[in-house]
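# A structural walkthrough
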Amino acid sequence: MSSARESPVRVGLFGLLGSGNLGNDGSLEAVLRYLRSAHPEAAVDALCGGPEAVTGRFRIPATRLHWNRGEYRTASRAGSIAAKGLGKVVDAFRTAAWVRRHDVVIVPGMGVLEATLPLRPWGFPYALFLLCASGRLFGTRVALVGVGAAAIGSRPTRALVRWSARLAAYRSYRDAPSREAMRAMGVDTRRDEVYPDLAFSLPTPPPGAPDGPAGPVCVGVMAFHGGNDDRARAEEIHRRYLDGTTRFVRALVEEGRPVRLLWGDDVDEPVVSAILAAVDSPLLTAASPASLADLMAEAAAADTVVATRYHNLICALMVGTPTLALSYATKSEALMARMGLDGYCHPAREVDADRLIEQFRELELHAADLRRTLAERNRTAARQLDAQFTALTAALFPTADRTPARARTPQESP
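Fair warning: this is a prediction, and the values are worked out from it, not measured in the lab.

Conventions and cut-offs
Residues numbered from 1 in each chain as written. Predicted model: local features only at pLDDT ≥ 70, side-chain atom pairs only at ≥ 80, totals over all residues. Heavy atoms only, no water. Helix = DSSP H or I, 4+ residues; strand = E, 2+ residues; numbered from the N terminus. Buried < 20%, exposed > 50% of the residue type's maximum accessible area, 1.4 Å probe, protein only. Contact = heavy atoms within 4.5 Å. Polar contact = N/O pair within 3.5 Å; in protein donor to acceptor, adjacent residues only side chain to side chain. Pairing = 2+ DSSP bridges. pLDDT = per-residue confidence, 0-100.

### Digging into the environment of H311
Summarising the element assignment, H311 is placed in helix 10 (residues 310-318). Owing to a relative accessible area of 9%, H311 belongs among the buried residues under this scheme. With 47 residues separating them in the primary sequence, H311 and G264 have C-alpha atoms 7.3 Å apart. With sequence-adjacent residues up to four places away left out, H311 is seen in contact with G23, S27, R174, D197, A199 and L292. Polar contacts involving the side chain of H311 include one to the side chain of D197, which spans 3.2 Å.

Pasting the structure below:
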């Protein structure tokens, strides 16, 4: 790789970015902040799901991840099936050509090594394998930074994920269960480190002041249908989740509590609409967040948060708001344990509104102590992410100035 003093280091960012998932875009934002602070000379672009959105918001050139624009739509007709098949061949050449133009490619966070939500092997797992294989072929350093991983039942998906991880030049994980999952899949993880999720490096708004026992509650919802192995029960799981969450929201509103619905991906909007239709009350409103900053602002204004999506939880925890997780995967439980709230998890697959109300009461009872715990855990997370970015510079930019550079200023720390 050429020295930054001779020519700009060419850095590519890869993933399902700009595709409507606020958590993915927050991870991209965190890495861009790091690059612009520590490596301002770098020439940065992206290969991503929503290039127009990425270019418009983050001001970097971007290329569409898949040649076939219908890649993530179900193919039923012969023409669409043929287009998907052709797209796999075309994408192999497109990905290789893109990787070859770069010195470094970073996959910023996200659950790229897991299948906790429905996922086909020839979708993103295949795209990630093409990336990592191309990096090894052309000598481009591919870094999986702060990623999530989990045990995978599907053999084809598991094989693609395992080989992607093996071919990457650098790996770090957002929690210990992710590293253990990759070790169990046969990846040598002895040199792989665990750090907090990249989103913890983003600036936060000042924490709000609690409004008392009748203050506002944010409820983060999700179009939850179970995981990759739950396809046969997907509608049943979704119906149970929606019914339980709706009952919980209705109970809060009937007590006179203002409730604000949040979401983290465009696909969640029908769930928000369904709850609004089922609970007709002026106390129930919905936000329209466009970024993790918007989610943090909503959470900071609430007394308490109950949320499902992983980055909804992170945003609430980052601003120090007592939070209860509707957990659908180990990653949520690991996050809550890291932040000292491991006793405040409820299974998203089996939402029991009565039990959820009990846990909510317990959460509010200990809110003051939990806010102090979150303040300390957030300071620790900030220090750990400083170490992550320093390690990333050492691994990917060996000719760069080794002076540690924070991704945020001290004034932006929680």
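### Overview of the sheet that holds strand 5 (residues 141-147)
Taken in spatial order, the seven strands make up an open sheet running 3-2-1-4-5-6-7, and their pairing is parallel. Strands with a single pairing partner mark the edges of an open sheet, and in this sheet they are strand 3 (62-64) and strand 7 (193-194). As defined by bridge partners, strand 5 adjoins strand 6 (residues 170-173) across three bridges and the pair is classed as parallel. Residue pairing in the sheet places L144 in a bridge with R171 of strand 6.

### Structural notes on the confidence of the model for the chain
Confidence along the chain averages 90 in pLDDT terms, with 89% of residues attaining 70 or more. Considering only residues more than four positions removed or in separate chains, one finds that residues 1-5, a stretch of pLDDT under 50, has 15 contacts. Low pLDDT (under 50) marks residues 401-414, which in the prediction has 28 contacts with non-local residues, meaning those over four places away or in another chain.

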